[in-house]
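Single-letter residue listing:
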Amino acid sequence: MSIEFKKIDYTYSVNTPFQFVALKQIDLNIEMNKVTAIIGATGSGKSTLVQHLNGLILPTSGQLIVNDFVINANVKVRNLKSLRKNVGLVFQFPEYQLFEESIIKDIAFGPKNFGVPEDEANKIAKASLKLVGLDESYLEKSPLDLSGGQKRRVAIAGILAMEPDVLVLDEPTAGLDPQGAKQMMELFKKLNTVHNKTVLLVTHDMEHVYNYCDNVVVMKKGEVFLNSSVNTFFENTTYLDELNILAPNIIRLKNMLKNHNIDVSGCDDIHSICDKIVKELK
Amino acid sequence: MKIIDAKNIDFSYDEITHAVKSVSFSVERGSYTTIIGHNGSGKSTIAKLLIGLLPCDSGSIHIDGLELSLSNLAKIRNKVGIVFQNPDNQFIGATVRDDIAFGLENHRIDSNLMDDIINEFAIKVNMFEYLDSEPTKLSGGQKQRVAIAGALAMNPEIIIFDESTSMLDPQGKNEINNFIQELHKEKDLTILSITHDIEEVCKSDNVIVMFEGKILMEGKPCDILNQTEKLVACNLDIPFAQKVVNELRLKGISISDNLTLESLVSEICLLSLKK
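Residues numbered from 1 in each chain as written. Chains lettered and ligands numbered in written order. Predicted model: local features only at pLDDT ≥ 70, side-chain atom pairs only at ≥ 80, totals over all residues. Heavy atoms only, no water.

Caption draft 1: Spotlight on helix H5 (residues 140–152) of chain B. An ideal rise of 1.5 Å per residue puts 18 Å on 13 residues; H5 of chain B measures up with 18 Å between its terminal C-alpha atoms. Summarising burial for H5 of chain B: 13 of the 13 residues are buried, a large majority. (Helix = DSSP H or I, 4+ residues; strand = E, 2+ residues; numbered from the N terminus. Expected span 1.5 Å × (residues − 1). Buried < 20%, exposed > 50% of the residue type's maximum accessible area, 1.4 Å probe, protein only.)

Caption draft 2: Molecular detail of the sheet that holds strand E2 (residues 18–28) of chain B. Residue and element names in this part refer to chain B. Read from one edge of the open sheet, four strands run E2-E1-E4-E5, paired in antiparallel fashion. In this open sheet, the two edge strands, each paired with only one partner strand, are E2 and strand E5 (66–67). Relative to E5, strand E4 (residues 58–63) is paired through two bridges, and the arrangement is antiparallel. Along E5, the bridge assignment pairs His62 with Glu67. Sheet strands touched by helix H1 (residues 43–50): strand E1 (2–12), E2 and E4. Its angle to E2, the strand with the most contacts, is close to 65 degrees. (Pairing = 2+ DSSP bridges. Contact = heavy atoms within 4.5 Å. Axes fitted to C-alpha atoms, helices over the stretch in contact; angles between N-to-C directions.)

Caption draft 3: Representation of the packing of helix H5 (residues 148–160) of chain A against helix H6 (residues 178–193) of chain A. Residues and elements named next belong to chain A. Running from N to C, H5 and H6 point in directions that differ by 20 degrees, and their axes come no closer than 11 Å. The angle between H5 and H6 falls in the class roughly parallel. Along this stretch, H5 crosses H6, giving a crossing that reads as right-handed. On H6, the residues touching Gly149, Arg152, Arg153, Ile156 and Leu160 of H5 are Gln183, Met184, Phe188 and Leu191. Residue composition of the contact of H5 with H6, grouped by class: five nonpolar, two polar and two charged. (Parallel < 35°, antiparallel > 145°, perpendicular 65-115°, else oblique. Left-handed = near helix turned anticlockwise from the far one by under 90°. Nonpolar A, V, L, I, M, F, W, Y, C, P; charged D, E, K, R; others polar.)

Caption draft 4: Spotlight on the packing of helix H4 (residues 118–131) of chain A against H5 of chain A. Residue and element names in this part refer to chain A. Look at H4 against H5: their axes get within 8 Å of each other, and the N-to-C directions meet at 130 degrees. One finds that H4 runs oblique with respect to H5. Crossing of H4 against H5: the hand is right-handed. Within the contact between the two elements, H4 uses Ser128, Leu129 and Leu131 and H5 uses Val154, Ala157 and Leu160. Taken together, the residues of the contact of H4 with H5 sort by class into five nonpolar, one polar and no charged.

Caption draft 5: How the structure looks around the sheet that holds strand E7 (residues 166–170) of chain A. Residues and elements named next belong to chain A. Judged by pairing direction, the sheet is mixed, and its six strands sit side by side in the order E6-E7-E8-E3-E9-E10 without closing on themselves. Either end of the sheet is taken by a strand with one partner, and the two such strands are strand E6 (87–90) and strand E10 (223–229). For this sheet, the mean inter-axis angle between neighbouring strands, taken without regard to orientation, is 15 degrees. Here E7 runs beside strand E8 (residues 198–202); their pairing, made up of five bridges, is parallel. Following the sheet pairing, Val166 is matched in E8 by Thr198. Sheet contacts for H5: E6 and E7; angle to E6, the most-contacted strand, approximately 160 degrees. Against the sheet, H6 touches strand E3 (35–39), E7 and E8, its axis set at about 150 degrees to E8.

Caption draft 6: Representation of the pairing of E3 of chain A within the structure. Residue and element names in this part refer to chain A. With five of five residues buried, E3 is to be regarded as a mostly interior element. Note that E3 and strand E9 (residues 215–220) share four bridges and pair parallel. Note that in E9 the partner of Ala37 across the bridge is Val216.

Caption draft 7: Local environment of the pattern of salt bridges. Residue and element names in this part refer to chain B. Under the definition given, this model contains 20 salt bridges over all chains. The closest approach of N and O atoms between Asp88 and Lys143, which form a salt bridge, is 2.6 Å. Pair noted here: Asp88 is in the loop between strand E6 (80–83) and helix H3 (96–106) and Lys143 is in helix H5, with a separation of 55 residues, a long-range link. The residue Asp237 makes a salt bridge to Lys243 at a minimum N-O spacing of 3.4 Å. (Salt bridge = Lys/Arg side-chain N within 4 Å of Asp/Glu carboxyl O.)

Caption draft 8: Structural context of helix H4 (residues 111–124) of chain B. Residues and elements named next belong to chain B. With 14 residues, H4 ought to run about 20 Å at 1.5 Å a step, and its terminal C-alpha atoms sit 20 Å apart, in line with that. Along H4, the residues that are buried comprise Met114, Ile117, Ile118, Phe121 and Ala122. Along the long axis of H4, the arc covered by the buried residues comes to 125 degrees, so they all point the same way. Opposite the buried face of H4, by more than 90 degrees, sit the exposed residues Asn112, Asp116 and Ile123. (Arc of directions from axis to C-beta.)

Remember that the coordinates give geometry; whether it matters functionally is a separate question.
See the structure below:
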């Protein structure tokens, strides 16, 4: 099982005046059963990259491997449906795509499209709703009467109902209030640790990268600038400086304390840092 | 001197969604006020009420002493500019120049004057060399700066930012936040910013906390952002530095409230010298 990009290029609007190279020679391995963050400035190719994962866009050149599925550039792709069942893609602001009159119908829409009988689809819908932390009292409600955060949960449940192994999310917490965003990130972590899903998410929030992700892929001008573990990435501030990214609060605090000769090495959460500070002050 | 004065304003979208419930607040001329609140707490509805995009069901709004009413609407909109969340939804022109010109044309500004005004504000937001660029060629932060230029060109007294940085990458967000700070300082412009960005709230003069359509608290950031339980209960967060303060207090250290890491670390160093 693997996700591999091999020398993938992607160009928008080939042979037109608007031709634009979005991805250049992408060689990338995504570790399975981990949470991977995709970061990078606007226009660096993050969204283009993740839309390859379920064949929504096909490479201009190169090869993509997702589990057993192989996509070669310029070769007709057969049976995209099986790839799309395997990789669930959640767009930005997925709540705008809710359309059915009841939540259960909205969530069951996907599996029914894949040929699952109605009874079974409804069963899956119920389970998916539970997975995103909403109880059965919501099933018959209109998805349009929910709050922003709840709507997004329902939209994500609709993707989970297709029982994908890989879940790809494009800026899943944009626009959510702080606690809503936190609950959403905890949900993805749980889908990874408890339900063994491989999770890829595009984000701008370094706190989320630090607190919830295992690996990080940094995109820069259509190329992979870095692919590393989250710990290695934040350990080395030269990367962050080069990318003009402010480090997560924990790292900033650690560095500031270190500059004042308070030793907090080996501490990676607020509790252990505070224990060290207490020792220093007593 | 109050430049925004809202008294007992009420608004319902329909029988079920009572978005704003008898809200009263005022904003001082030249101040920087932030509004925070959970999703659906009524923040954006208030912004729309203030510029008359939605009519209040009851209550009154005065902008710069002028009552917001149908007959005063044009005058009020000359005083208040707004920048929305999504950079793609508010770019109207085919080029940056057209986009900044849009508001001016609507206000029937003499076309001889228009070029100078457009140039002035394009320079102001650092987009002069992009005047003939199409929106597809711009980053999110650049589009938001053009939106700000469009608002500034109307020479408003107040600018409302409705989560204007929430869709931007960290660099774009910094760029816009710093720019807003500069504008606020140099032009005596009144800023009202709806945001989830706790760092921005720390830098503002006043903060209003919305909860379920009502104002839960308002005051200086240092008096509001230390109220951990209340803020978390309404789906908000406290600054990271204050989390550390709370944790240290639990462990028996006596330390004052701190909104920034810089002030927190200097206090820790002082305490360590005194021990």
